[in-house]
Every structure is written in structure tokens, then in C-alpha cells.
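# Residue-level structural notes
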Amino acid sequence: MDPGSAVQGGAAVGGPFALVDQNNHARTARDFRGKWLLVYFGYTSCPDVCPTTLQDMATALRKIGPKGQAIVPLFITLDPVRDRPAVLKKYLLAFGSQFQGLTGTPQQIASVTHAYHVYYARRAMPGGGYSVDHASAIYLMNPDGQFVTILDDQEGVAALEKNLAQRL
């Protein structure tokens with residue numbers, strides 16, 4: 001098994017990646033060692049579930065106080081064509097400076113989504129344009145980069161806060 005992955009239900013979750021952050025700096029999974037990660041896959045044009053989940057993450061991190069500083073909320077785009085570094089940077093400012101955004105080539109995004117077993121598909125919209133259908137889950141990774149659990153983004157702030165506080 002690759003370093004930075006762990007088995008969940010018989011399948012390895014997580015692993016190495018090489019992407020670009022919202023400041024246009026190359027980032028790898030190793031850059032985040034020593035920190036807990038809340039990994040969420042979405043896209044900045046998402047009309048509802050992505051901003052709601054990111055806001056819930058931000059609120060839960062504030063509520064757990066200083067322990068929350070040990071956690072890096074990591075947003076990995078599923079729409080690398082539109083979500084370039086500057087777009088990610090502007091979008092993530094709404095949720096707090098603690099958030100890190102990652103993008104890359106479509107191939108790099110496909111590789112990291114494969115490692116995390118994330119479903120996503122580009123869907124044409126009537127009249128032009130597209131949206132991205134995607135699974136919505138928050139992956140909790142420990143400071144060694146190992147998968148811990150999937151946190152249900154539908155349970156809300158209180159459940160997320162409780163789950164994080166119990167693990168730190």
C-alpha cells in the first residue's frame with residue numbers, strides 16, 4: 001500500500017498527489033504531514049452543497065477552538081478547467097484563511113479522485129455550459145497522511161464538531 005493511504009472496507013483511500021495550490025505553488029501530500037486534514041472534493045461553481053459543506057467545516061473548526069488550528073481544511077477541485085489558482089483563492093477567502101485549495105490538470109485531478117474513490121462527472125447544461133455531478137463527503141486524514149474516516153457532510157456542524165473534537 002502507498003504511504004499516505006489506508007484501507008476502508010477493503011479499498012485503499014488516499015495516497016500521494018502532486019497539485020497546485022491557490023497561490024500557484026506546487027503542493028504534494030507530503031507538504032501536509034504533521035497536520036490533520038479535512039479533504040473535500042467539489043468545485044467553485046457548485047450552487048449549493050459545496051459552499052454549504054465548506055461553511056459547515058469552517059464553523060466546526062471555529063467551535064473546537066485552538067484544537068482546530070491542527071487541522072487543514074483542503075478543498076480539491078473537480079473542475080480544473082475553470083478552477084484555476086486565482087479562482088480558488090478568491091472563493092476560499094469566504095470560508096477563512098485556514099482553507100487550502102488545490103487544482104491541477106484534468107489528469108492530475110483524475111488521479112487524486114481515483115485514490116480517494118470520489119465519483120464525479122461533467123454534465124452538459126441546457127443552453128450551454130456544464131455542471132459537475134459529484135459525491136459529497138469529507139475525508140479525515142491523520143497527521144501521517146493516513147485515512148481515518150469519512151465524515152458525513154449532511155449531519156451538520158454539531159456532528160462535525162463533535163467528531164473532530166473526539167479525535168484530536
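An account of the accompanying structure is given in this report. Bear in mind that the values here come from a model prediction, so they are computed numbers and not experimental data.

What follows deals with the pattern of salt bridges. In total, this model carries four salt bridges according to the counting rule given. Between D21 and R27 there is a salt bridge, with the nearest N and O atoms lying 3.1 Å from each other. Like D21, the residue R27 is buried in the burial classification. For the salt bridge of R27 with D31, the shortest nitrogen-to-oxygen distance reads 3.4 Å. Overall, the relative accessible area of 40% leaves D31 in the partly exposed class. In this structure, a network of salt bridges that share partners links the residues D21, R27 and D31.

The next point concerns the side chain of D83. Considering the arrangement of structural elements, one finds D83 in the loop between β6 (71-77) and α2 (85-92). We note that D83 is buried and unpaired, the nearest opposite charge coming from R82 at a distance of 5.8 Å. A distance of 2.5 Å separates the side chain of D83 from the side chain of T77, its partner in a polar contact. Excluding residues within four positions of it along the chain, D83 makes contact with Y43, T44, T77, L88 and T103.

Strands sit in the order β4-β3-β7-β6-β5-β10-β11 across an open sheet of seven strands; the sheet is mixed. On the outer flanks of this sheet lie β4 (26-28) and β11 (147-151), each paired with one strand and no other. Going across the sheet, the axis of each strand differs from the next one's by a mean of 35 degrees, ignoring polarity. For strand β5 (residues 36-42) and β6, the ladder comprises seven bridges, and the chain directions are parallel. Residue pairing for β6: F41 is matched across the bridge by I76. Contacts between helix α1 (residues 49-63) and the sheet are confined to β5, β6 and β10 (138-141), with β5 contributing the most and set at about 165 degrees to the helix. Its contacts with the sheet place helix α4 (residues 157-167) against β5, β6, β10 and β11, and it is angled at close to 165 degrees to β11.

Criteria and thresholds
Residues numbered from 1 in each chain as written. Predicted model: local features only at pLDDT ≥ 70, side-chain atom pairs only at ≥ 80, totals over all residues. Heavy atoms only, no water. Salt bridge = Lys/Arg side-chain N within 4 Å of Asp/Glu carboxyl O. Buried < 20%, exposed > 50% of the residue type's maximum accessible area, 1.4 Å probe, protein only. Helix = DSSP H or I, 4+ residues; strand = E, 2+ residues; numbered from the N terminus. Lys, Arg positive; Asp, Glu negative; His and termini not counted. Polar contact = N/O pair within 3.5 Å; in protein donor to acceptor, adjacent residues only side chain to side chain. Contact = heavy atoms within 4.5 Å. Pairing = 2+ DSSP bridges. Axes fitted to C-alpha atoms, helices over the stretch in contact; angles between N-to-C directions.

The quantities given are spatial measurements derived from coordinates; they are silent on function.
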